[in-house]
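Chain residues, written in single-letter form:
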Amino acid sequence: SADEMAMVVKSFNSVADALRQAEANYRSIVENSLEGIFQSNVEGRFTMANPMLGSLLGYDSAEELIASVSDISRDLYVDPERRPAFLEALEQHGTVIGFESEVRRKDGKLIWISETVRAIRQGDGELRGFEGTVIDVTRCRHDAAEIERLTNELKDENIRMGAELSVTRRLQDMLMPSSGELMAVPELDIAGFMEPAAEVGGDYYDIQQANGCVRLSIGD
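Residues numbered from 1 in each chain as written. Predicted model: local features only at pLDDT ≥ 70, side-chain atom pairs only at ≥ 80, totals over all residues. Heavy atoms only, no water.

Trainee: Sorry if this is basic, but what is going on with the sheet that holds strand β5 (residues 127-136) here?
Mentor: Sheets are built from strands that pair by backbone hydrogen bonding, the pairs being arranged parallel or antiparallel. One open sheet holds the five strands; their spatial order is β2-β1-β5-β4-β3, and the pairing between them is antiparallel. The open sheet is flanked by β2 (46-49) and β3 (95-104), the only strands paired with a single partner. Put simply, the sheet's adjacent strands are angled 30° from each other on average, direction ignored. (Pairing = 2+ DSSP bridges. Helix = DSSP H or I, 4+ residues; strand = E, 2+ residues; numbered from the N terminus. Axes fitted to C-alpha atoms, helices over the stretch in contact; angles between N-to-C directions.)

Laid out in structure tokens, this is it:
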């Protein structure tokens, strides 16, 4: 009846409106994301990219990035072997998380990126392409290199200080009275011991005898 047809049309329009709203929301998320988002085919070309990815790689727009990069392996990766390693990891696991590579921007500047990507497959399982996100980790890489440099410097300094402390400890041991000196004191049985908490300590003791007197010295 006419009423039933009207209800069908109304329902269809509601679904269409919901789909349009969902598409608008999805597009807004992609275009305003703070991470680069992309899809690429198995031949190594971008089929979709958001503005952030274009900006991250130095292009004026995502469209320019898609048109300019004809081979991701050759045009982006500084080490062309990173692309085969990336594909091998995807083939084994289906997803790759935090895959870091050095890439070349449009202006020639080198940066480090981290990719989180999954494989896109057809119903029969055949590989159709890839999609994922990209972030710039150049600063993190530089910070890690600086931390490693400082750590190595600290290790060298610790070795030097350890050698100095070893000499200081031997000198401190030499200042302590020996067992022979303690046994040489007549009519007294004397034992002494000191173990520093660290390599060296600030405590000290000594036994001295002169003119028939025995002096016990303890420094803390």
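Trainee: I'm lost on the environment of E153 in this one. Help?
Mentor: Residue placement: E153 occurs in helix α6 (residues 138-175). The partly exposed category is assigned to E153, whose relative accessible area is 43%. Along the backbone, E153 and V69 are 84 residues apart, and their C-alpha atoms lie at a distance of 42 Å. (Buried < 20%, exposed > 50% of the residue type's maximum accessible area, 1.4 Å probe, protein only.)

Trainee: Please explain the side chain of R83 as it appears in this structure.
Mentor: Along the polypeptide, R83 turns up in helix α5 (residues 82-93). Look at R83: it is buried, it has no salt bridge, and the nearest opposite charge is E115 at 5.8 Å. Beyond its immediate sequence surroundings of up to four residues, R83 is in contact with S40, N41, G44, I72, S73, Y77 and F130. (Lys, Arg positive; Asp, Glu negative; His and termini not counted. Salt bridge = Lys/Arg side-chain N within 4 Å of Asp/Glu carboxyl O. Contact = heavy atoms within 4.5 Å.)

Trainee: Mind showing me how you'd approach the pairing of β3 here?
Mentor: Consecutive side chains of a regular strand alternate in pointing toward one face of the sheet and then the other. By the bridge criterion, eight bridges tie β3 to strand β4 (residues 110-121) in an arrangement that is antiparallel. Looking at the pairing, F99 lines up with E115 of β4. Hairpin connection between β3 and β4: a loop of five residues separates the two successive antiparallel strands, and G108 in this loop has a positive phi of roughly 90°.

Trainee: Sorry, what's going on with α5 here?
Mentor: What sets the pattern is the α-helix's 3.6 residues per turn: residues three or four places apart point alike. Taking 1.5 Å of rise per residue, 12 residues should cover 16 Å, and α5 covers 16 Å from first to last C-alpha, within 8% of that figure. The set of residues buried in α5 consists of R83, F86, A89 and L90. Taken around the axis of α5, the buried residues stretch over an arc of 125°, which confines them to a single face. Among the exposed residues of α5, those oriented more than 90 degrees off its buried face are E91 and Q92. If you follow the buried residues of α5, they end up packed against β1 (36-41), α4 (72-75), β3, β4 and β5. A positive backbone phi angle near 85° is found at G94, which sits one or two residues after α5. (Expected span 1.5 Å × (residues − 1). Arc of directions from axis to C-beta.)

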